[in-house]
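Listed below, chain by chain, are the residues.
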Amino acid sequence: MELIYLFPGQGAQYVGMGQTLYLSSLAARRTLDEANKILGYSLTDLCFNGPAGELERTEKSQPAIYAVSMAALAAVQEVVLEQNVHQQWDVLAAAGLSLGEYSALAAAGSFTFEEGLKLVAERGRLMDEASRINPGAMSSILNLDPQALEKICWKTGVQVANLNCPGQVVISGSVEGIEEAEAAAKEAGARRAIRLEVSGAFHSKLMEPAAKGLAGYLSEMNIEEPGYRVYSNVTAGHVTGAEAVRKQLVAQLTSPTLWEDTVKKLAADFPGALMVELGPGKVLQGLCRRIDKGINVKGVDAFDDLQSLLQQAGVGAA
């Protein structure tokens, strides 16, 4: 069975995430216990019990989502080996939405779980710090012509941050600019403008202080060539070489995430492959179906999802 792994980004977190994986999968439990040791605090307690406000903080939600996503991956790999179906399990590529790109790179072997966890913890810290230096906001604009929205962004000084799926574009910028853009978008015919619960203007020029800090961190970090294709949010194409990985991760902080184009490219490059979202929530599954109803997509958020995934992959389970 040919598969593509997908990994969620910030906003997918919820209180209770990862708990059934932790209780039912030894590999997932080891992954999350290791995360506790690396971070120096109980990430599992935060994920399982909250409070939600603490889990939503950028510097906490990013390592939490990364760790739970990698725990889901570990649980899948454990079951595949136990069921002796690894020869039928052909992973062709991976991609992740914003933060999820780090999970995709770790899954493909560009860096270890520990290196990736420390990296995303630093990314979260830098983004939180940049948000205090340059306060901003983000808003999801629904059902407005992209060209009309681009003109509004130019006039109000904000940026397109996420091209997620048809009819959904996220904009990012100063609080004042976002307020002006939301009003203009509604006047231009947008169905809704939904303010996102985030701490800053991610994927905009206001994240430049974070990008500078991340570039310095990445320059000291060993990065390997991915073991299979990993598709970049910045280009919607796969990255080749360690230096390209570094550049794309830095650029991602101030550039739009081209998720719709990424999913279309994956579907075109690997027709018929099963896309599997690994980690909390079902956001990417929903976006994939809105991008192309013909895409075959499943998710592993809880332990019960593993049985369904194996059946979908046509290998069954004992």
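For the structure itself, consult the block above.
All figures in this text were calculated on a predicted structure; none of them were measured in a lab.

Residue pairs spaced three or four apart in an α-helix point in one direction, given the helix's 3.6 residues per turn. Turning to helix α13 (residues 283–291), its buried residues are Leu284, Gln285, Leu287, Cys288 and Ile291. For α13, the angular spread of buried residues about the axis comes to 165 degrees, placing them on one side. Against β1 (2–7), β4 (159–165), β5 (168–173), α12 (259–269), β8 (274–278) and β9 (297–300) lie the buried residues of α13.

All right, on to the side chain of serine 110 then. Tracing the backbone shows serine 110 in the loop between α6 (100–107) and α7 (113–133). Discounting chain neighbours no more than four positions away, the residues touching serine 110 are Leu105, Asn222, Ile223, Glu224, Glu225 and Pro226.

Moving on, we get to the environment of phenylalanine 111. With respect to the secondary-structure elements, phenylalanine 111 resides in the loop between α6 and α7. The spatial distance from the C-alpha of phenylalanine 111 to the C-alpha of asparagine 222 is 7.2 Å, given a sequence separation of 111 residues.

Bringing the nonpolar core into the picture now. Counting residues in hydrophobic clusters, the biggest one holds 72 residues, and the most contacted among them are Tyr5, Val76, Trp89, Leu218, Val276, Leu278 and Val300. Looking at which element gives the most residues to this core, the answer is helix α5 (residues 58–82), with 13 residues. Sequence-distant contacts of valine 300, defined by excluding residues within four places in its chain, comprise Ala72, Val76, Val276, Glu277, Leu278, Gly279, Asp305, Leu306 and Leu309.

Counting across every chain of the model gives four aromatic pairs. Ring centres of tyrosine 22 and phenylalanine 48 lie 5.4 Å apart, and the angle between their planes is 65 degrees; on these two criteria the pair is classed as edge-to-face. Remark: phenylalanine 48 occurs in helix α3 (residues 43–49) and tyrosine 22 occurs in helix α1 (residues 19–24); sequence separation between them is 26 residues. For the pair formed by tyrosine 22 and phenylalanine 48, the shared burial category is buried. Relative to phenylalanine 113, the ring of tyrosine 66 lies with its centre 5.6 Å away and its plane at 15 degrees, an arrangement referred to as stacked. Here the residue tyrosine 66 occupies a position in helix α5, and phenylalanine 113 occupies one in helix α7, the gap between them amounting to 47 residues. Above the ring of tyrosine 22, the side-chain terminus of arginine 29 is found at 5.9 Å from the ring centroid. The ring of tyrosine 41 has lysine 60 lying over it, and the distance from NZ or CZ to the ring centre is 4.9 Å.

This part takes up the pairing of β5. Burial of β5 is extensive: six of the six residues sit out of reach of the surface. Side chains Gln168, Val170 and Ser172 of β5 all project onto a buried face; the interleaved residues Val169, Ile171 and Gly173 project onto the opposite face, where all are buried too. Across six bridges, the pairing between strand β3 (residues 137–142) and β5 is antiparallel. Within β5, the residue paired with alanine 137 across the bridge is glycine 173. The pairing of β4 with β5 spans five bridges and is antiparallel. Opposite leucine 163, over in β5, you have valine 169 as the bridge partner.

Cut-off values and rules
- Residues numbered from 1 in each chain as written.
- Predicted model: local features only at pLDDT ≥ 70, side-chain atom pairs only at ≥ 80, totals over all residues.
- Heavy atoms only, no water.
- Buried < 20%, exposed > 50% of the residue type's maximum accessible area, 1.4 Å probe, protein only.
- Helix = DSSP H or I, 4+ residues; strand = E, 2+ residues; numbered from the N terminus.
- Arc of directions from axis to C-beta.
- Contact = heavy atoms within 4.5 Å.
- Core = buried A, V, L, I, M, F, W, Y, C linked by side-chain atoms within 4.5 Å.
- Phe/Tyr/Trp six-rings, centres within 6.5 Å; stacked < 30°, edge-to-face > 60°.
- Lys NZ or Arg CZ within 6 Å of the ring centre and 35° of its normal.
- Pairing = 2+ DSSP bridges.

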